[in-house]
Amino acid sequence: MRNKNLLILTLAIGTFSILNTEVGILGILPIIGSRFQISIATSGLFVSLFALIIAIFGSVMPIIVRKVNRRTIMLSTLLLFVLSNILGGLVTNFGLALFFRLLPAVLHPVYCSLAFTIAAEISDMGEASKSVSRVMIGVSAGTVLGTPITTLIANNISYSAAMYFFALVSLAALILNYFVLPKEDTRPATSIDDTESQDLRKVLVKKSLWVSGAGTILIGSVLFIVYGYVSDLLSKLSDFSSTQLSLALFIFGLMSIVGNLIAGNMLSRSPRRLVTIYPFLMIVVYLLIIIFAQSTALMFPVVLIWGMIYGIGNNIQQYLISAAIPETLDLANGLFISLGNVGTALGTSIGGILLSTSGLMMLPIGGIAILLVTFAVIVFRNKMVHSELNEIENQVN
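Since we're looking at a predicted model, the values are computed, not measured.

S.K.: What should I look at first to understand the overall build of the protein in this one?
M.R.: Helix and strand counts for the protein come out as 18 helices and zero strands. Its C-alpha atoms give the protein a radius of gyration of 20 Å, within 12% of the compact-globule value 21 Å for 397 residues. Going through the 397 residues of the protein one by one, you find that 58% of them count as buried. Within the protein, counting contacts between residues at least 6 apart in sequence, those at least 24 apart form 85% of the total. Carbon and sulfur atoms make up 69% of the accessible area of the protein, which totals about 15,500 Å². Across the protein, the mean location of the 22 positive side-chain charges is 2 Å away from that of the 17 negative side-chain charges.

What follows is the structure, encoded as structure tokens:
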């Protein structure tokens, strides 16, 4: 096995390149509309259909390709992202652009789920959550930093330049992965034999898995019910200028990475406690937004706290599924990606309804309501999942 830290860094960069492509498009929907002469709602298909494909394939693709060499499928995924983004930047027909946009989404969950799985498998005993949290940094960075960078490129150069930026980042990740990913599979021998196929049905009917899945969906929705409209909230309610907004989003991204690291340490030491109190941490954040939303100066420290708690939430989503079915981490991480995208779609949809009917201030209020439901689900989950992931890692290391 190569240097573990280098391998985990490589996996984080790979996930960053993929999430950069997925989420970076959010800031350039108006530019897409202008380029292809379509409405903003139609250009939104670049986001909604991408998320839908991930939600559909996230739980099945890791199972379908589980016997394929991991290095081969992971490099193939990154290569597909490179080629699709280049071709997407070249075409001038909306249908073709949408096709090349959606094509790599099929393999998106394969790379990300394997990255989380490998990080857990190569970790020392009791350190799986810390290793996964370091890979999760790539998710947070791609999610939060991809949008402002892509928007800057598209606004100052062109839509095509933004697509080539996606391709360039994916190419850099591909090259690094080529030299660092081990040629031999890191998985235990038992994870690819007939036993896994025989036990898969037993895993899927575990009640604790689907209760944990409900928690993952709820946390995803509660994160995006407000963050999905963060630009509107900060610019319209808090009167942020465009420069202040860019700075705030950058700070948010950095603090979400800090949150990933904090969550990794806490989930390794006292996972049940962190999972249980998390809804109340987010309630505090949303109460602060409600109280200080009208103040530009006071919202900056709120953004700091918000970003950190947001990052912790990303880790908890992944942890809930992994702790429920630690015996099959490939499936667990595929389900995390699939259900996480369901939560994202649900949160942004609910947020859109609240925004159109009641205004921006209802977003954090709606988030608090969902958090109360989330707490009830987590309490129920805690009664069903008697062992936490760090206590039973000997099954997956």
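Next comes the rest of the write-up.
S.K.: What should I look at first to understand the confidence of the model for the protein in this one?
M.R.: If pLDDT is low for a region, its predicted coordinates should not be looked at in detail. Taken residue by residue, the protein gives an average pLDDT of 85. The fraction at 70 or more is 91%. Long-range and interchain partners of residues 391-397, a stretch whose pLDDT sits below 50, account for 19 contacts in this model, where long-range means more than four residues apart.

S.K.: How should the pattern of salt bridges be read in this particular structure?
M.R.: A side chain with one charge can pair with a side chain of the opposite charge if their charged atoms come near. Within the structure shown, the criterion is met by one salt bridge. One salt bridge connects glutamate 121 with arginine 70, and the closest N-O pair in it is separated by 2.8 Å. Residue glutamate 121 is found in helix α8 (residues 108-121), and its partner arginine 70 is found in helix α6 (residues 70-90); the two are separated by 51 residues along the sequence.

S.K.: It is not clear to me how the environment of valine 106 should be interpreted in this structure. Could you clarify?
M.R.: On the secondary structure map, valine 106 appears in the loop between α7 (94-102) and α8. Of the residues examined, valine 106 reaches a relative accessible area of 25% and is grouped as partly exposed. Aside from chain neighbours lying at most four places away, what touches valine 106 is Ile53, Phe57 and Met61.

S.K.: How do you make sense of the packing of helix α4 (residues 45-57) against α7 when you look at a structure like this?
M.R.: Angle between the axes and distance between the axes are the two parameters that describe a pair of packed helices. Contact geometry for α4 and α7: axes closest at 10 Å, N-to-C directions at 35°. Handedness of the α4/α7 crossing: right-handed. Here Leu45, Phe46, Leu49, Phe50 and Ile53 of α4 come into contact with α7, specifically with Phe94, Ala97, Leu98, Arg101 and Leu102. Its residues placed into classes, the contact of α4 with α7 shows nine nonpolar, no polar and one charged.

S.K.: Got a minute to help me understand the packing of α6 against helix α10 (residues 159-180) in this structure?
M.R.: For the pair α6 and α10, interaxial distance at closest approach is 8 Å and the crossing angle is 160°. Comparing their axes, α10 and α6 come out roughly antiparallel. As α6 runs across α10, the sense of the crossing is left-handed. Listed contacts from α10 to Arg71, Leu75, Leu78, Leu79, Phe81, Val82, Asn85, Ile86, Gly88, Gly89 and Leu90 of α6 are Tyr159, Ser160, Met163, Tyr164, Phe166, Ala167, Ser170, Leu171, Ala173, Leu174, Asn177 and Tyr178.

S.K.: Got a minute to help me understand a nonpolar patch on the surface in this structure?
M.R.: There is a patch of nonpolar side chains on the surface, built from Leu79, Leu83, Ile86, Leu87, Leu90 and Tyr164 and spanning about 500 Å² of accessible area. The greatest single-element share of the nonpolar patch, amounting to five residues, is contributed by α6.

S.K.: Sorry if this is basic, but what is going on with unusual backbone geometry here?
M.R.: In this structure, glutamine 37 takes a positive phi of about 55° despite not being glycine. Mapped onto the fold, glutamine 37 is located in the loop between α2 (29-36) and α3 (40-43). Residue aspartate 239 is not a glycine yet carries a positive backbone phi of 60°. Assignment of secondary structure puts aspartate 239 in the loop between α13 (230-237) and α14 (242-269). Exposure remark for aspartate 239: the relative accessible area of 57% places this residue in the exposed category.

S.K.: I keep staring at helix α17 (residues 329-358) and nothing clicks. Help me out?
M.R.: Three or four residues apart is the spacing at which side chains of an α-helix point the same way, because the helix has 3.6 residues per turn. Look at α17: 42 Å from first C-alpha to last across 30 residues, which is about the 44 Å you get at 1.5 Å a residue. Glycine 359 sits one or two residues past α17 and shows a positive phi near 100°.

S.K.: Whenever I open this one, the environment of isoleucine 18 confuses me. Can you help?
M.R.: Residue position: isoleucine 18 is located in helix α1 (residues 4-24). The residues touching isoleucine 18, leaving out its near neighbours within four places in the chain, are Thr77, Leu78, Phe81, His108, Tyr111 and Cys112.

S.K.: How should I be thinking about the environment of threonine 151 in this particular structure?
M.R.: Along the chain, threonine 151 turns up in helix α9 (residues 128-156). According to the relative accessible area criterion, threonine 151 is buried, its value standing at 18%. Each C-alpha atom of the pair threonine 151 and tryptophan 210 lies 37 Å from the other, and the pair is 59 residues apart in sequence. Not counting chain neighbours up to four residues away, the residues in contact with threonine 151 comprise Gly27 and Ile28.

S.K.: Is there a simple way to explain the nonpolar core in this structure?
M.R.: It is characteristic of soluble globular proteins that their nonpolar side chains tend to be buried jointly. If you look at the biggest cluster of nonpolar residues, it comprises 70 residues, and the most contacted ones within it are Leu11 and Tyr159. If we skip the residues at most four places from it in the chain, leucine 11 touches Met74, Tyr111, Ala115, Ile118, Ala119, Val135 and Leu181. In terms of nonpolar packing, the next biggest core, distinct from the first, is built from 53 residues, Val144, Leu249, Leu274 and Leu354 among them.

S.K.: Just to check I follow, could you spell out α9 for this structure?
M.R.: With 29 residues, α9 extends 42 Å from end C-alpha to end C-alpha; this agrees with the ideal 42 Å at 1.5 Å per step. The largest bend along α9 reaches roughly 40° and is located at glycine 146, with the proline proline 148 sitting one to four residues downstream. When you tally the buried positions in α9, you get 21 out of 29 residues, the bulk of the element.

S.K.: Looking at this structure, I do not really get the packing of aromatic side chains. What am I missing?
M.R.: The description of an aromatic ring pair rests on the distance of the ring centres and on the angle between the ring planes. Applying the stated criterion across every chain, the model contains 15 aromatic pairs. Put simply, the rings of Phe224, Tyr227, Phe252, Trp306 and Tyr310 touch in pairs and so form one group of aromatic residues. Here the basic side chain of arginine 101 rests over the ring of phenylalanine 50, its NZ or CZ set 4.2 Å away from the ring centre.

The rules behind each value
- Residues numbered from 1 in each chain as written.
- Predicted model: local features only at pLDDT ≥ 70, side-chain atom pairs only at ≥ 80, totals over all residues.
- Heavy atoms only, no water.
- Helix = DSSP H or I, 4+ residues; strand = E, 2+ residues; numbered from the N terminus.
- Rg over C-alpha atoms; globule rule 2.2 N^0.38 Å.
- Buried < 20%, exposed > 50% of the residue type's maximum accessible area, 1.4 Å probe, protein only.
- Contact = heavy atoms within 4.5 Å.
- Areas by Shrake-Rupley, 256 points an atom, 1.4 Å probe, with all protein chains shown as cover.
- Lys, Arg positive; Asp, Glu negative; His and termini not counted.
- Charge placed at Lys NZ, Arg CZ, Asp CG, Glu CD.
- pLDDT = per-residue confidence, 0-100.
- Salt bridge = Lys/Arg side-chain N within 4 Å of Asp/Glu carboxyl O.
- Axes fitted to C-alpha atoms, helices over the stretch in contact; angles between N-to-C directions.
- Left-handed = near helix turned anticlockwise from the far one by under 90°.
- Nonpolar A, V, L, I, M, F, W, Y, C, P; charged D, E, K, R; others polar.
- Parallel < 35°, antiparallel > 145°, perpendicular 65-115°, else oblique.
- Patch = residues over 30% accessible without salt bridge, like charges linked within 9 Å, V, L, I, M, F, W, Y side chains within 5 Å.
- Expected span 1.5 Å × (residues − 1).
- Core = buried A, V, L, I, M, F, W, Y, C linked by side-chain atoms within 4.5 Å.
- Bend = angle between axes of the 7 residues up to and from the residue.
- Phe/Tyr/Trp six-rings, centres within 6.5 Å; stacked < 30°, edge-to-face > 60°.
- Lys NZ or Arg CZ within 6 Å of the ring centre and 35° of its normal.

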